[in-house]
Amino acid sequence: MDRSTLVALAKRIPPLYWTAGAVRYAQFRSRLKVAENAYRLNPDRPLPPPMLRYRVHRALDEASYLEAGAYVADVIADNARAAGLVPEGLRILDFASGPGRVLSQLARRLPGNRFDGSDIDAEAIGWAREHLGNVGTFSVNRPNPPTGYADGSFDVVYSVSLFTHLDKDFQFQWLREIKRILKPGGLLITTTHGKRCLDTCTPAELDELAVNGFVFRVDHTGRFKVDGLPDFYQTTFHTEEYVRNRWAEVMPVERFVEGGVNNHQDLVVLRKA
Ligand SMILES: C[S@@+](CC[C@H](N)C(=O)[O-])C[C@H]1O[C@@H](n2cnc3c(N)ncnc32)[C@H](O)[C@@H]1O
């Protein structure tokens, strides 16, 4: 029996599912404590504390945080160039930036541009303001639009691993808001969970995806949600067809690369007309 079927079964037996959640939470807390102790021994390097890294990266080691940030920054820079942008003198927003895992590295790759970062996570944004204030301007946004940015503020908005976690209503609210704050011709570069990310899906989820092109999986909620993010932040899957057809109701989809991020998440580039 594979893991996804086991999880689906356990969900039908609430005490079992609750106990598994509690065990998982306790194991995570103990690994976090070890990482926090190591971090405290050398707090001066410019890396966010373990919990802030975990929230955006799902791992506690420092090396993979830096590697993944560098890799994704390359993907964003390459796709902006491929879309014909000359990356100089642009205003670029990392929407759902967390503590700047990608922004800190992208700013090094694309000097001569102005960077902003925004996220609901006030702790992550506080850390970024303190440590990356020379790289970009960071703001906290509310879970729902609008942001505080004026119409047509940005040449590029990129948002990595956000639409992979929001339900349909949130997605469309944010797609419309991002369109509002993009300049005409501006790009949204973002990611979805598609064909290469389906190994954890249950047969019922795969059926739903085949029919609707979209699945929103509500997994852990409440106090055993280890990332500490609000319950609306769960896991979402999209088909390419869904993205190309439905998202195009807000902005034309210019490019879709299956597995375009690390042969895992799909990469989507939309352009405001
Ligand atoms: C998987 S993390 C990715 C962070 C960052 N993009 C990166 O790749 O390092 C998802 C981020 O989305 C943020 N987030 C969730 N809902 C949001 C919303 N409505 N508006 C802005 N950020 C949100 C979370 O706080 C978290 O920092």
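Up top you'll find the structure we're talking about.
A short tour of the structure in this document, coming up. Everything numeric in this text was worked out from a predicted model, so none of it was measured.

1. Focus on the packing of aromatic side chains
Part 1 of the argument: Counted according to the given criterion, the structure contains six aromatic pairs.
Part 2 of the argument: Aromatic side chains phenylalanine 95 and tryptophan 174 sit 4.6 Å apart centroid to centroid with 40° between the ring planes, which places their arrangement in the tilted category. Residue phenylalanine 95 is located in strand S1 (residues 91-95), and its partner tryptophan 174 is located in helix H7 (residues 168-181); the two are separated by 79 residues in the primary sequence.
Part 3 of the argument: Classification of tryptophan 174 by relative accessible area gives buried; the value is 2%.
Part 4 of the argument: An angle of 15° between the planes, with centres 4.6 Å apart, marks the rings of phenylalanine 170 and phenylalanine 232 as stacked. A residue pair is termed long-range when its members are at least 10 positions apart, and phenylalanine 170 in helix H7 and phenylalanine 232 in the loop between strand S6 (214-217) and strand S7 (235-238) qualify at 62 residues.

2. Examining the pairing of strand S8 (residues 253-261)
Part 1 of the argument: For S8 and strand S9 (residues 265-271), the ladder comprises five bridges, and the chain directions are antiparallel. Residue pairing in the sheet places valine 261 in a bridge with glutamine 265 of S9.
Part 2 of the argument: Here S8 hands over to S9 after three residues, with asparagine 262 in that stretch at a positive phi of 60°.

3. Some words on helix H6 (residues 122-131)
Part 1 of the argument: Those residues of H6 not exposed but buried are Ala124, Ile125, Trp127 and Ala128. One side of H6 holds all its buried residues, which, seen down the axis, span an arc of 160°. Projecting away from the buried face of H6 at angles above 90 degrees are the exposed residues Ala122 and Glu130.
Part 2 of the argument: For H6, the secondary structure elements touched by its buried residues are helix H2 (14-41), helix H3 (50-57), strand S2 (114-119) and strand S3 (137-140).
Part 3 of the argument: Structurally, the start of H6 carries an N-cap: the backbone nitrogen of glutamate 123 is 3.1 Å from a side-chain oxygen of aspartate 121.

4. What about H7?
Note: α-helices contain 3.6 residues per turn, so residues at a spacing of three or four share the same orientation.
Part 1 of the argument: When the terminal C-alpha atoms of H7 are compared, their 20 Å separation across 14 residues agrees well with the 20 Å that a helix rising 1.5 Å per residue should span.
Part 2 of the argument: Buried within H7 we find Phe170, Gln171, Phe172, Trp174, Leu175, Glu177, Ile178 and Ile181.
Part 3 of the argument: Lining the buried residues of H7 we find S1, strand S4 (154-159), strand S5 (182-192), S6, S7 and helix H9 (240-246).
Part 4 of the argument: You can read the cap of H7 off the contacts: a side-chain oxygen lies 3.2 Å from the backbone nitrogen of aspartate 169, and it is on aspartate 167.

Parameters and conventions
Residues numbered from 1 in each chain as written. Predicted model: local features only at pLDDT ≥ 70, side-chain atom pairs only at ≥ 80, totals over all residues. Heavy atoms only, no water. Phe/Tyr/Trp six-rings, centres within 6.5 Å; stacked < 30°, edge-to-face > 60°. Helix = DSSP H or I, 4+ residues; strand = E, 2+ residues; numbered from the N terminus. Buried < 20%, exposed > 50% of the residue type's maximum accessible area, 1.4 Å probe, protein only. Pairing = 2+ DSSP bridges. Arc of directions from axis to C-beta. Contact = heavy atoms within 4.5 Å. Polar contact = N/O pair within 3.5 Å; in protein donor to acceptor, adjacent residues only side chain to side chain. Expected span 1.5 Å × (residues − 1).

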